[in-house]
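Residues per chain, in single letters:
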Amino acid sequence: MAGTASRMREVCALLADGSTVRLRPARPEDRGRVLRLYDEMSVDNLRRRFFAAGRRSGEQAADRLCAPPAPGHRALDARLRLLPRRGRDPCLRPLP
């Protein structure tokens, strides 16, 4: 079971609005980006999200989300492209 998350690969999902999102297991090397996400949040937003004041809650959440896979622990990284796409979307393939 512990090796299952390490074997998971990136997949794409089609959203209701026609855009795509890439999903993959969160990794320890994602911690910096997750920390940046929480660092850019207002203190009020952090308080509402974690029911605690201060930046330490964001650091603890980043540690949990980006921990190596273990039994009972799974976290996904979802990447949505916000800018207009140029060219063919690599997540979409023509129907046979």
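Just above sits the structure.
Being a predicted model, the structure only gives us computed values, none of them experimental.

Conventions we followed
Residues numbered from 1 in each chain as written. Predicted model: local features only at pLDDT ≥ 70, side-chain atom pairs only at ≥ 80, totals over all residues. Heavy atoms only, no water. Helix = DSSP H or I, 4+ residues; strand = E, 2+ residues; numbered from the N terminus. Buried < 20%, exposed > 50% of the residue type's maximum accessible area, 1.4 Å probe, protein only. Salt bridge = Lys/Arg side-chain N within 4 Å of Asp/Glu carboxyl O. Axes fitted to C-alpha atoms, helices over the stretch in contact; angles between N-to-C directions. Parallel < 35°, antiparallel > 145°, perpendicular 65-115°, else oblique. Left-handed = near helix turned anticlockwise from the far one by under 90°. Contact = heavy atoms within 4.5 Å. Nonpolar A, V, L, I, M, F, W, Y, C, P; charged D, E, K, R; others polar.

Draft legend 1. Layout of unusual backbone geometry. The phi dihedral of F51 falls on the positive side, at around 55°, and the residue is not glycine. Along the chain, the position of F51 falls in the loop between α3 (43-50) and α4 (56-65).

Draft legend 2. Just the side chain of D30, in detail. By the element assignment, D30 lies in the loop between β2 (20-25) and α2 (31-39). A relative accessible area of 2% places D30 in the buried class.

Draft legend 3. Spotlight on the pattern of salt bridges. Counting across every chain of the model gives 10 salt bridges. D30 serves as the salt-bridge partner of R33, at 2.5 Å between the closest nitrogen and oxygen. Connected via shared salt-bridge partners are R24, D30, R33, D77 and R79.

Draft legend 4. Region of interest: the packing of α2 against α4. Running from N to C, α2 and α4 cross one another at 150°; their axes reach a closest spacing of 9 Å. As judged from the angle between their axes, α2 and α4 are roughly antiparallel. Our pair here, α2 against α4, has a crossing hand that is right-handed. Residues R31, V34, L35 and Y38 of α2 form the contact with α4, whose own contacting residues are G58, E59, A61, A62, D63 and L65. Among the residues forming the contact of α2 with α4, the class breakdown is 6 nonpolar, 1 polar and 3 charged.

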